[in-house]
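Residue-level structure breakdown
As a plain string of letters, each chain reads:
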Amino acid sequence: MSKWTNRFILWGCLALLPFSASFVRETPAEDKGLPLKELRIFAEVFGRVQQDYVEPVTDRELLDHAIRGMLEGLDPHSAYLDEEHFKELQEGTSGEFGGLGIEVGVEDGFIKVISPIDDTPAQKAGIQAGDLIIRLNGKPAKGMSLSEAVKIMRGKPGTSIKLTVQRSGEHKPLEFDITRAVIKQASVKSRMLEPGFAYVRLAQFQAPTADDMLRAIRALQKKSGGSLKGLVLDLRNNPGGVLQGAVAVSDAFLEKGLIVYTQGRGEGSALKFNARPGDVLNGAPLVVLVNEGSASASEIVAGALQDHKRAVIMGRTTFGKGSVQTIVPISSKIAIKLTTARYYTPSGRSIQAEGIQPDIELSKVKLKELKKSLLQVKEADLADHLANPDKKKQKKKNGRQGNGGKKLLEEDYELNEALNLLKGISIFSKR
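In what follows, the accompanying structure is described. (Residues numbered from 1 in each chain as written. Predicted model: local features only at pLDDT ≥ 70, side-chain atom pairs only at ≥ 80, totals over all residues. Heavy atoms only, no water.)

**Focus on the overall build of the chain**
As a reminder of what qualifies: Note on conventions: DSSP H or I runs of at least 4 residues are helices, E runs of at least 2 residues are strands, and numbering of each starts at the N terminus. For the exposure calls, accessible area comes from a 1.4 Å probe over protein chains only, and a residue counts as buried if that area is under 20% of its type's maximum, exposed if over 50%, partly exposed in between. The contact definition used throughout considers only heavy atoms, calling two residues in contact when any of these lie within 4.5 Å. All accessible areas in this document rest on Shrake-Rupley with a 1.4 Å probe, and a residue is counted as covered only by the protein chains that are shown.
Counting its secondary structure elements, the chain contains 12 helices and 19 strands. A buried classification covers 41% of the 431 residues belonging to the chain. Taking the contacts inside the chain whose residues are at least 6 apart along the sequence as the reference set, 68% of them involve residues at least 24 apart. By element, 54% of the accessible surface of the chain is carried by carbon and sulfur atoms, the whole surface being about 25300 Å².

What follows is the structure, encoded as structure tokens:
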């Protein structure tokens, strides 16, 4: 930390004072020192802006812009957090804040939706993962920094904002009028799909997510008579969150082995996380649903469970964010968010810009059951057909699905496929 601080102080001094050979110092081969040519250019640009820009600009403003540019030029996730943005970050990690409810990044100069958060104004309005925001209240978003876009989208609850987005497959931009609200981030939802088959949805990874998930699973096990035949873990449109949350969720289903490891340049960036004995499902089949909105911590979980062959990963290729960001406070009011490491799955895979490839790929479709044709005739429809002597027993045996199967197929095709896979595994394991 002191090394970088000293360099920045020296940089600032060099920008404001004449250069001379006395500033060149002997350095080891691996440390080339401060580049004199580039520092001269910086000083020249700094002076030109002060002298010739159409409006007066203070030294403080110029240095602030320089710091922002230095960090934002590194990668889409590094950023300078001034007093306002640092406070917003702290509010966001506390689990409640005002805004639209979307996780965003930058792609080709546009603001890209990584995923909408469950039960938020953005999701209810129809914003989808992968949407490119091209206008905010009519103002072009092209070239806008991520911090600028977030500042515009956040605001007082009850106020509205117009988002213009470009969506893949749509011929013209879509417009959404969204009313801001206090975003309450409930990270775990659960329910029974059918007797013995459960569903748990993780909307994001917070510090208590793993404990909340374990409580939900145990409640479902109790409801199912003590154990489950299978579980669907839904990580679709989960933008990630706390690394420790992802490790703890993975650990809940693994008996042993490596979960994830990180590698970077700085001290303390090389970390390994291993599973402890104990599988909350006691070996019951597990299907993990992912899509293009599953990012970061979601990919850690999917990658760990896939490498250990503990779960079948189903859906579409994930977002591909394989880097770790560290919040480094500069003072009590400002900080920097800096990419400090890459993370790797147990087999050594980096998912950076690649994502997790699902074991079973599902297209992004919506199905609807066709109406029964009048030409569909079965043996039971024929006149004078022989009756089945075991009809009552057969009816009881086939009645386990209830009437929710058709509804699930139409509402959530991917979840329906995951349930069918679990049922198939369950049937096969009994033979």
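**Let's talk about helix α9 (residues 297–307)**
Most of α9 is tucked away, with 10 of its 11 residues classed as buried. Turning to α9, its buried residues number three or more, namely Ala297, Ser298, Glu299, Ile300, Val301, Ala302, Gly303, Ala304, Leu305 and Gln306. As for α9, its buried residues are in contact with β12 (230–234), α8 (243–251), β13 (258–264), β15 (286–290), β16 (312–315) and β18 (335–344).

**Details of the pairing of strand β8 (residues 174–179)**
Stated precisely, the cut-off is as follows: In this scheme, strands are said to pair when DSSP sees at least two bridges between them.
The alternating pattern of β8 places Leu174, Phe176 and Ile178 on a buried face and Glu175, Asp177 and Thr179 on a face that is not buried. Pairing geometry for strand β7 (residues 160–166) and β8, over six bridges, is antiparallel. Within β8, the residue paired with Val165 across the bridge is Leu174.

**Things to note about helix α2 (residues 36–52)**
Let me state the cut-off plainly: One less than the residue count of a helix, multiplied by 1.5 Å, gives the span that helix is expected to have. What the arc measures is the spread of directions leading from the helix axis to the C-beta atoms.
Over its 17 residues, α2 extends 24 Å from the first C-alpha to the last, a length consistent with the 24 Å expected when each residue adds 1.5 Å. Listing the buried residues of α2 in full gives Leu39, Ala43 and Phe46. Looking down the long axis of α2, one finds its buried residues gathered within 60 degrees of arc, a one-sided arrangement. For α2, the exposed residues set more than 90 degrees away from the buried face come down to Lys37 and Gln51.

**A look at the sheet that holds β15**
Applied cut-off: The axes used here are C-alpha line fits, helices contributing only the stretch in contact, and every angle between their N-to-C directions lies in the interval 0 to 180 degrees.
Pairing in this open sheet of six strands is mixed, and the strands run β10-β11-β12-β15-β16-β19 from one edge to the other. Every other strand in the sheet has two partners, leaving β10 (188–194) and β19 (360–361) as the edge strands with one partner each. Pairing between β10 and strand β11 (residues 197–202): six bridges, direction antiparallel. In the sheet register, Glu194 faces β11, and the bridge partner there is Phe197. On top of the sheet, helix α7 (residues 209–223) reaches β10, β11 and β12; it is set at about 25 degrees to β10, its chief contact.

**Some words on the pattern of salt bridges**
For clarity, the cut-off: When a carboxyl oxygen of Asp or Glu lies within 4 Å of a side-chain nitrogen of Lys or Arg, that pair is called a salt bridge.
The full count for this structure, using the stated rule, is 22 salt bridges. For the salt bridge of Asp307 with Arg349, the shortest nitrogen-to-oxygen distance reads 2.7 Å. In this pair, Asp307 is assigned in helix α9 and Arg349 in the loop between β18 and β19, connecting sequence segments 42 residues apart. Taking relative accessible area as the criterion, Asp307 reaches 22% and is therefore assigned partly exposed. Among the residues examined, Arg349 registers a relative accessible area of 28% and is labelled partly exposed. Each of Asp118, Arg201, Asp234, Arg236, Glu292, Arg316, Lys364, Asp412 and Glu414 takes part in salt bridges that share partners, so that together they form one network.

**Observations concerning the side chain of Asp234**
As a reminder, the rule being used: Counted as a polar contact is a pair of N or O atoms within 3.5 Å, where, for protein atoms, one must be capable of donating a hydrogen and the other of accepting one, and residues adjacent in sequence contribute only when both atoms are in side chains.
Assignment of secondary structure puts Asp234 in strand β12. Only 2.8 Å separates the side chain of Asp234 from the side chain of Arg236, close enough to count as a polar contact. Setting aside chain neighbours within four positions, we find Asp234 in contact with Tyr199, Val200, Arg201, Leu202 and Leu289.

**Some remarks on the packing of α2 against helix α3 (residues 59–72)**
For the record, the criterion: We call two directions roughly parallel when the angle between them is under 35 degrees, roughly antiparallel when it is over 145, roughly perpendicular when it lies between 65 and 115, and oblique otherwise. Note on convention: near helix rotated counterclockwise from far helix by under a right angle means a left-handed crossing. Clockwise means right-handed. Residues are grouped as follows: Ala, Val, Leu, Ile, Met, Phe, Trp, Tyr, Cys and Pro are nonpolar; Asp, Glu, Lys and Arg are charged; all remaining types, including Gly, are polar.
It is the contact of α2 with α3, at a shortest axis distance of 11 Å, that shows an interaxial angle of 135 degrees. Between α2 and α3, the angle is such that the two are oblique. Read as a crossing pair, α2 and α3 show a hand that is right-handed. Of α3, the residues touching α2 (which contributes Phe42, Phe46, Val49 and Gln50) are Asp59, Leu62, Leu63 and Ala66. Grouping the amino acids of the contact of α2 with α3 by side-chain chemistry returns six nonpolar, one polar and one charged.

**Looking at unusual backbone geometry**
Positive phi outside glycine occurs at Asp119, with the angle close to 55 degrees. Topologically, Asp119 is positioned in the loop between β4 (110–116) and α5 (121–125). A residue is classified by how much of its surface remains accessible, and Asp119, at 45% relative accessible area, is partly exposed. Of note in the backbone geometry, Ala353 takes a positive phi value of approximately 65 degrees without being a glycine. By the element assignment, Ala353 lies in the loop between β18 and β19.

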